[in-house]
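Chain and residue survey
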Amino acid sequence: DPQRTAFLLRKQWSLYSVTPLYRFCEARLRDYGRQLGAFIAAERQKGLAVEVGVELDVKVAVSCLPDLKGSEQDQAALLLQLSTRSPTSKKNSEDKVVWLGWFCCVAGDELSENLPEDFTCLPLFLVHGAERYTAIVGGWFQKTFDCYFRRLTISPLSLSWMAAMWAGCKEDKATSAMELLFSVPCLPQPLDISYAIHAEDAKALWDTVQKTPGEITQEEVDVFMDCLYSHFHRHFKIYLSATKLVKVSTAIASAHSDGIVKFFQSQYLTGVLMLLTELAISQIQ
Amino acid sequence: EKMQRRQSSKTPEQPSQVHHKTQTDLSAWRKGGRTGPEKSVQYHQFPNNQENDTNQGSLEQALSYFKKVQDRVSLKKNNVLQDHLTTVESIALQRGLPPEGIDVLLNVALSGKFADTVNTRLLKSLVPASVVPESCVVSSVSWLCVSKCSGNIQLLFLRWLITVFDFIDHKEQLHALYGIFFSFLQDEKMCPYVCHLLYLLTRKESVKPFRIRRLLDLQSKMGMQPHLQALLSLYKLFCPEQVTIALPGKTKIYFKNSEGPWKAAINTIRQRNQEKSPVSQVLFLCTAQPRSRKRKWNTQLIIPASSTNQNNLEEDKEQNHVDLYCMNESFPVEQLQTFSQLLQNIHHLEFPSQMGSVLTNPLLLHYMNCIKDESIYLRLYYWMGQTLQEECTWCVADNNKYEEEFKDFLETVYKTECFLQEGFSSCEVFLYRSLPLWDGCCCQSQVLRLLSWIPLSSFSETKSHLYDPMAQLFFTSSLYFKCSFLESLKELLQNWLNWHVIHLDSESDSQVPSLTTTLSELVNVVAELIHFVGWISTVALRLENNPTFLLYFILDFYETVCDMYLKYNLPLLIMPPAGVFYPALLSMDSVSLNQLCYIMYRYRTNLVAAKENELSKKKMLQFKFSRQTYQEYNQYITAMVGCLWTSSAFQKDIHPQGLHMEDELLKKTREQEFKTSFNIVYHPAMMGYAVLFLQQAWPGDTTFNFNLIKKWNWYLEYLYAQGLKGLKVFIESSINRVSQTS
């Protein structure tokens, strides 16, 4: 149901890899919410004790997102939502969401297959909100489930894969262009080169490169990128292959090498997450 | 009963108390007249025994006085009271008070019969000589409840109680009074001390929701108070599902110094008695961690503190609901401080919430050694693997500022591996990944030492991941690096061999067929390592021009290799390559030559044992040593005997890379005495000994005529006496000296 994941679109998410959670239990989400809420309150006012379970100024909601799965073996995604009630607003007004984070695993069989029962595999963590909350929530998870969070950066090679994969996707309204951002290394001042291609041109190029539909090889990705580079060189006499690809942005999604992504289309959400899950797992193993 | 207890607490060093047995007749002392303060001062000049006897008597008098006091008495103009008070004070400070004395004085001080000045002086004198009886604490609490004494005296009493808490003989009744103490929290002045007392008394069953709420109310009234923080932290430790608190980084001292005037006196008396005193309870809640730098939240190299797994606590609670009689309450790891605690609680101990914390907790490492559970290692694997990757100073840009921290971390990992006698697979993966990028300098000694714990199981990777990158570094690095690396490889070999021996033992115990590594695989892996060391040693000796220092580390490695068959039960023997053997044989240094002799002796012993086993066809027939090994050994032995004994080094040596030279060629060198230039007298490494021997045997001779050394028996005895034990065992085993001795 695209409606249920619509709120994940058009937000900027920072990526983390997470090692398997030890003794995580899906039946105790309410409990976790209470614990985490009290933990956040205690961390925010260090030195003051907080009773678990009472109403606090930051509310924590922990829930499942069952739609975000690649296969039956995948653990259901886990959504964390921190909200505050502003003192000025009316009693019945809705809480203001200040921070969002979710764990997911789309087609993560490679990691989950060999894990003992006590471990839960949710290797990808996405965050939208202030880092101080990320620190507290991450800290609580690390303490409670003995896991380890690491920023997940995306290599230029993975970015070029994304460019090729997303160029070939069918879109209803092919309005937005594909944009690639390159950074030139070893300069005293940073210099970025932005390279925009009409979506239908990119798709046309990819269609000539791809041999078997539904299958992509590293060689095809290289050919696709080389074509773009030589086209650029013909016009500007600049070899893009000597620069570093730092960002890919299409109508499907955008991804920055620092590990920041945005999703634009519900129908391709799990597809993009599958690739990101793979990257997260390779960082863990 | 009281007397018995007192006596049992005595120590032989205290003659006074042995005497005391006879000093029970108080009346005898009364006849002696008044013992006022002036006199007791006088008595100080008398010998010890008499002084003690006198003191004892006056103390008894004082106590019986205080016991009988009926009504309010004022201090002024009351000489009797003044005298007794002074007696009590001086004796208390010198020797402490017996349990019944404490009982008497507490009762009178809290009953409000005297003015506060007297009560204060009495309370300040309450220095226990042995124990504080629980009963007197209980009766004191009832005095407190009827409020006969002033607030100041109540405070002083609480401070005293905290100080002597560990001297109280039993605590069960005190625990029953928990609620009464808790109610004292209302008093603002008493609150800090009551908190401290409750901190000492609290057990898991003391933590109740209504108490938590009461403390939180106090907190909202009084704000952040260290004593409340401490008590609440303890509550959180026992019941994290009900209350939580995060302490600011700086918090360290929770309770003001409530030791009061007694601590010094108690310590003095304790020292004099030299008895084992109760260990005072340590504050174990300190959660503050040193943070040397500010970085992003998830990239700090911090080994987590041991803390109870909250997850499990709750599960336990749920289980308890089902089975109330099930005593599976777990022991909080924060409280685990001593080895005896570990032994007592090992059946209900839980691993901490973050496995990484075991690295700095030897007690938990002991526990880990007992519990073989896959999830323990998996948790540690993920945590350590990610930390190593994230913090590696030569793989991650911008990390080089933090080399010291990373060094400490690697050091800790290494020490843990030594403690567990086991390598971590996460560490192995890290080394394989990062060695190709390593410059050989960064954290050098730590990395080299970690190499020695690479586990045996994954050998197919050692060549490309370990030997190839390390060989490049080895050849291009300093002599010191070369020696350190060889040392590490020796440790690695020994760790593998030890693993193999233990594995053999456990196999024969359990009768279960071998796990993953078969014997032939093991033999291949070990052989690969030894050939690698042979190769790099040969090259290094040439590169560095045969320094003794390097030769020592190389031969040290072979000291392990030559004994593998007998010492480690491994059917494998590999001779050193000629590039190692000949530099050692022709070394200018007797240390190297002696070491080589010892190694060759051990090779011989091992080969002989193998041959005997082979002949009797007892075991390990699938692993016969090849003929080549025996052949190589025989070639080397021939060369050695020629070089050290028969003076025929150039004629007899048959090794293709050996010393053999045609006589024609030797003549061309115009060396007159080439025939004798290599034997036990003329060998360059031995010539120093030969000179010294000549000087001792023929003191007048200044011609250095080595031909004088005809009787080698004497000379050999001299050499053996100089500590050349390797040479001794070699000559005694490998050289047929029938003609010499006869």
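Owing to the predicted nature of the structure, the values given are computational and were not obtained by experimental measurement.

Turning next to the overall build of chain A. Tallying secondary structure elements over chain A gives seven helices and 14 strands in all. Seen along its three principal axes, the alpha-carbon backbone of chain A occupies a region of about 65 × 45 × 40 Å. Relative to its full complement of 285 residues, chain A shows a buried share of 50%. In chain A, once contacts between residues fewer than 6 apart in sequence are set aside, the share between residues at least 24 apart is 67%. Split by element, the accessible area of chain A, about 13,600 Å² in all, is 51% carbon and sulfur. The averaged location of the 33 negative side-chain charges in chain A is 9 Å from the averaged location of its 28 positive side-chain charges.

A tally of regular secondary structure across chain B gives 37 helices and one strand. Within the span of chain B, comprising 742 residues, buried residues form 52% of the whole. Excluding contacts between residues fewer than 6 apart, the proportion of contacts in chain B whose partners are at least 24 apart in sequence is 73%. Accessible surface for chain B amounts to roughly 36,100 Å². Of this, 54% is attributable to carbon and sulfur atoms.

Quick look at helix α7 (residues 269-284) of chain A now. Counted at 1.5 Å a residue, the expected span for α7 of chain A with its 16 residues is 22 Å, and the 22 Å between its end C-alpha atoms agrees. Here α7 of chain A has its buried residues at Leu269, Val272, Leu273, Leu275, Leu276, Thr277, Leu279, Ala280, Ile281, Gln283 and Ile284 of chain A.

Residues and elements named next belong to chain B. Mean pLDDT over chain B stands at 81; residues scoring 70 or higher make up 81%. The element-level mean pLDDT for chain B is lowest in helix α3 (residues 26-31), coming to 33, with helix α27 (residues 548-561) highest at 97. Across residues 276-294 the pLDDT falls below 50, and counting only partners more than four positions away or on other chains, this stretch makes 44 contacts in the model. Here residues 315-327 is a poorly scored stretch, pLDDT under 50, and it has 10 contacts once near neighbours within four places are set aside; other chains count.

Each side of the interface is counted separately: chain B has 41 residues, and chain A has 42 residues. Summed over both sides, the interface of chain B with chain A buries roughly 3,800 Å², with 48% coming from carbon and sulfur. Applying the counting criterion to the chain B and chain A interface returns three salt bridges. Residue assignment for the side of chain B that touches chain A shows that the elements contributing at least two residues are α14 (209-222), α15 (226-238), β1 (243-244), α17 (310-322) and α20 (374-391) of chain B. Among the residues forming the side of chain B that touches chain A, the class breakdown is 14 nonpolar, 16 polar and 11 charged.

Residues and elements named next belong to chain A. Sheet topology note: the strand β5 (residues 77-84)/strand β6 (residues 96-104) ladder contains seven bridges and is antiparallel. Along β6, the bridge assignment pairs Ser83 with Val97. As paired elements, β6 and strand β8 (residues 124-129) share six bridges and run antiparallel to each other. When the bridges of β8 are listed, Gly101 appears paired with Val127.

Turning our eyes to something else, we now look at a negative patch on the surface. The grouping of Glu117 and Asp118 of chain A together with Asp373 and Glu374 of chain B at the surface amounts to a negative patch. Mapped onto the secondary structure, Glu117 of chain A falls in the loop between α2 (109-112) and β7 (119-120).

Let's shift gears to the pattern of salt bridges. In this structure the tally under the stated criterion is 20 salt bridges over all chains. With a shortest N-O distance of 3.2 Å, Lys46 of chain A and Glu43 of chain A are connected by a salt bridge. The partner of Glu404 of chain B in a salt bridge is Lys407 of chain B, with the nearest N and O atoms 3.6 Å apart. Within this pair, Glu404 of chain B and its partner Lys407 of chain B are both found in helix α21 (residues 403-420), separated by three residues, close to a single helical turn. By relative accessible area, Lys407 of chain B is classed as partly exposed at 24%. Taken together, the salt bridges that share partners define one network made up of Arg28, Asp31 and Arg34 of chain A.

Residue and element names in this part refer to chain B. Mapping Val729 onto the fold places it in helix α36 (residues 725-734). Between the C-alpha atoms of Val729 and Ser183, which are 546 residues apart in sequence, the distance is 82 Å. Ignoring anything within four residues of it in the chain, the contact list for Val729 reads Tyr598 and Tyr601.

All names here are of chain B. Taken domain by domain, chain B holds domain 1 (52-261), domain 2 (337-427), domain 3 (456-506 + 514-625), domain 4 (633-675) and domain 5 (680-741). Here the C-alpha centroids of domain 3 and domain 4 sit 27 Å apart. For the domain 3 and domain 4 pair, buried surface summed over both sides reaches about 1,100 Å², with 81% attributable to carbon and sulfur atoms. For the domain 3 face of the interface with domain 4, the top three residues by lost area are Tyr582, Leu585 and Met600, together amounting to 41%. Between the two partners, domain 3 and domain 4, sit zero salt bridges. Put simply, domain 3 and domain 4 have three residue pairs in polar contact (both at pLDDT 80 or more) between them. Contributing elements (two or more residues each) for the side of domain 3 that touches domain 4: α29 (578-585) and α30 (590-616). In terms of residue count, α30 provides more of the side of domain 3 that touches domain 4 than any other element does, seven residues in total. Across the side of domain 3 that touches domain 4, the residue classes tally to 14 nonpolar, no polar and one charged.

Residues and elements named next belong to chain B. Taken together, Lys611, Lys617, Lys624 and Arg627 make up a surface patch of like positive charges. Note that Lys624 resides in the loop between α30 and α31 (627-644). The exposure class of Lys624 is exposed, given its relative accessible area of 55%.

Each assigned domain of chain A is listed with its residue range as follows: domain 1 (2-151) and domain 2 (156-257). Its C-alpha centre places domain 1 of chain A at a distance of 34 Å from the equivalent point of domain 2 of chain A.

A few words now on the side chain of Ser249 of chain A. Residues and elements named next belong to chain A. Looking at the secondary structure, you find Ser249 in strand β12 (residues 244-249). A relative accessible area of 17% places Ser249 in the buried class. With residues up to four places along the chain from it excluded, the contact list for Ser249 reads Ala177, Met178, Glu179 and Ser254.

To continue, consider the pairing of strand β10 (residues 178-184) of chain A. Residues and elements named next belong to chain A. For β10, the buried fraction is high: five of the seven residues fall into the buried class. Pairing geometry for β10 and strand β11 (residues 191-197), over seven bridges, is antiparallel. Looking at β11, one finds that Met178 is bridged to Ile197. Hairpin connection of β10 to β11: six residues between the antiparallel strands, including Cys186 at a positive phi of 60°. Strand direction decides the pairing type here: β10 and β12, joined by five bridges, are antiparallel.

Inspection of the secondary structure puts Gly423 of chain B in the loop between α21 and α22 (425-434). Each residue touching Gly423 of chain B, except ones within four places of it in the same chain, is listed here: Glu417, Trp453 and Pro455 of chain B.

A separate point is helix α8 (residues 116-124) of chain B. Turning to α8 of chain B, its buried residues number three or more, namely Val118, Asn119, Leu122 and Leu123 of chain B. For α8 of chain B, the arc enclosing every buried residue in end-on projection is 130°, short of the 170-degree limit, so these residues lie on one face.

Thresholds, definitions, all that
- Residues numbered from 1 in each chain as written.
- Chains lettered and ligands numbered in written order.
- Predicted model: local features only at pLDDT ≥ 70, side-chain atom pairs only at ≥ 80, totals over all residues.
- Heavy atoms only, no water.
- Helix = DSSP H or I, 4+ residues; strand = E, 2+ residues; numbered from the N terminus.
- Buried < 20%, exposed > 50% of the residue type's maximum accessible area, 1.4 Å probe, protein only.
- Contact = heavy atoms within 4.5 Å.
- Areas by Shrake-Rupley, 256 points an atom, 1.4 Å probe, with all protein chains shown as cover.
- Lys, Arg positive; Asp, Glu negative; His and termini not counted.
- Charge placed at Lys NZ, Arg CZ, Asp CG, Glu CD.
- Expected span 1.5 Å × (residues − 1).
- pLDDT = per-residue confidence, 0-100.
- Buried area = accessible area lost by both parts, 1.4 Å probe.
- Salt bridge = Lys/Arg side-chain N within 4 Å of Asp/Glu carboxyl O.
- Nonpolar A, V, L, I, M, F, W, Y, C, P; charged D, E, K, R; others polar.
- Pairing = 2+ DSSP bridges.
- Patch = residues over 30% accessible without salt bridge, like charges linked within 9 Å, V, L, I, M, F, W, Y side chains within 5 Å.
- Domains from an automatic or database assignment.
- Polar contact = N/O pair within 3.5 Å; in protein donor to acceptor, adjacent residues only side chain to side chain.
- Arc of directions from axis to C-beta.

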